Amino acid sequence: MRQKPTVLAREIVASSRLFRVEELQLRFSNGVERTYERLVGKGTGYGAVMIVALPDAHNVLLIEEYCGGTDSYELSLPKGLIEPGEDVLEAANRELKEEAGFGARRLELLTELSLSPGYMSQKIQVVLARDLYPECLPGDEPEPMRVEQYPLSELSSLIQHPQFSEGRALAALYLARDLLTQRGEFGQ
């Protein structure tokens, strides 16, 4: 295993309501020194969840929401922050109710993903939600989200959809579909 670089100095060089930019002065094992910058959370977060919600064995729920980063409405999976006192599965079920109007009787933690490990410290827990039932909770979204079903068998065409661009969501969808296929549960 490679030796991690030595941190010579670290400093918060910018801060906003949501993020801090941390500058790291590093020395690698071969003596080369570099300055890295990364986005870090405000230090009060408990993590985040992304939910692959299956209303049946063939389809997944996608939500449409305004995304400030792309300045457009995007399709993605329901997701959100884990609140203090919640575990991952409780947070996933709450976010699913807030964003898609469904709860799940069966929840399973699949994996943890990062968005851009070279520049961000945040990670997200991917949860598979099945045996859905209608239930809405008020959330913090500024407007109602549109919810649609998308066939899991057509994931390769989803990346061509003009409103779908989130790599973490695509990875989570493929992971869930492949896992269900391996278990013999896909399409049943």
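Reference entry: report on the structure contained in this document. Keep in mind it's a predicted model, so treat the numbers as computed, not measured. (Residues numbered from 1 in each chain as written. Predicted model: local features only at pLDDT ≥ 70, side-chain atom pairs only at ≥ 80, totals over all residues. Heavy atoms only, no water.)

1. Quick notes on unusual backbone geometry
- The phi dihedral of D71 is positive, around 55°, even though this residue is not glycine.
- On the secondary structure map, D71 appears in the loop between β5 (59–67) and β6 (72–76).
- One non-glycine residue, D131, adopts positive backbone phi at about 55°. (Helix = DSSP H or I, 4+ residues; strand = E, 2+ residues; numbered from the N terminus.)

2. Here we look at the environment of R146
- Along the chain, the position of R146 falls in strand β10 (residues 146–151).
- A relative accessible area of 36% means that R146 is categorised as partly exposed.
- When residues no more than four places from it in sequence are discounted, the contact partners of R146 are L62, I63, E64, L75 and Q163. (Buried < 20%, exposed > 50% of the residue type's maximum accessible area, 1.4 Å probe, protein only. Contact = heavy atoms within 4.5 Å.)

3. Looking at helix α1 (residues 88–100)
- Taking 1.5 Å of rise per residue, 13 residues should cover 18 Å, and α1 covers 17 Å from first to last C-alpha, within 8% of that figure.
- The buried fraction of α1 is high, at 10 of 13 residues.
- Listed in full, the buried residues belonging to α1 are A91, A92, N93, R94, E95, L96, K97, E98, E99 and A100.
- Buried residues along α1 sit in contact with β4 (48–53), β5, β7 (79–81), β8 (102–114), β9 (123–134) and β10.
- The distance from a side-chain oxygen at the start of α1 to the backbone nitrogen of L89 is 3.0 Å, and the residue carrying that oxygen is D87.
- Positive phi appears at G101, one or two residues downstream of α1, with a value of about 80°. (Expected span 1.5 Å × (residues − 1). Polar contact = N/O pair within 3.5 Å; in protein donor to acceptor, adjacent residues only side chain to side chain.)

4. Some words on the layout of surface pockets
- If you add up the space inside the second largest pocket, you get close to 380 Å³.
- Considering the residues around the second largest pocket, the lining is formed by 16 residues, among which K4, P5, L24, L26 and R38 are closest to the centre.
- Contributions of two or more residues to the lining of the second largest pocket are made by β1 (6–15), β2 (19–27) and β3 (33–41).
- Residue classes in the lining of the second largest pocket are distributed as nine nonpolar, three polar and four charged. (1 Å grid on protein atoms, 1.4 Å probe; cavity = no way out; pocket = protein on both sides within 12 Å on 5 of 7 lines; lining within 4 Å. Points joined across faces, edges and corners; volume = space filled by probe spheres on them. Nonpolar A, V, L, I, M, F, W, Y, C, P; charged D, E, K, R; others polar.)

5. Regarding the pairing of β1
- Pairing geometry for β1 and β2, over eight bridges, is antiparallel. When the sheet's bridge partners are listed, A9 is paired in β2 with Q25.
- Turn length for the β1-β2 hairpin, with the two strands adjacent in sequence and antiparallel, is three residues. (Pairing = 2+ DSSP bridges.)

6. Quick notes on the sheet that holds β4
- Reading across the sheet, the four strands line up as β7-β4-β9-β8 and stay open at both edges, with mixed pairing between neighbours. Pairing within the sheet leaves two strands with one partner each, and these edge strands are β7 and β8. Pairwise comparison of adjacent strand axes, ignoring direction, gives a mean angle of 25° for this sheet.
- Bridge count between β4 and β7: three bridges; the pairing is antiparallel. Counted as the bridge partner of A48 is L81 from β7.
- On top of the sheet, α1 reaches β4, β7, β8 and β9; it is set at about 115° to β8, its chief contact. (Axes fitted to C-alpha atoms, helices over the stretch in contact; angles between N-to-C directions.)

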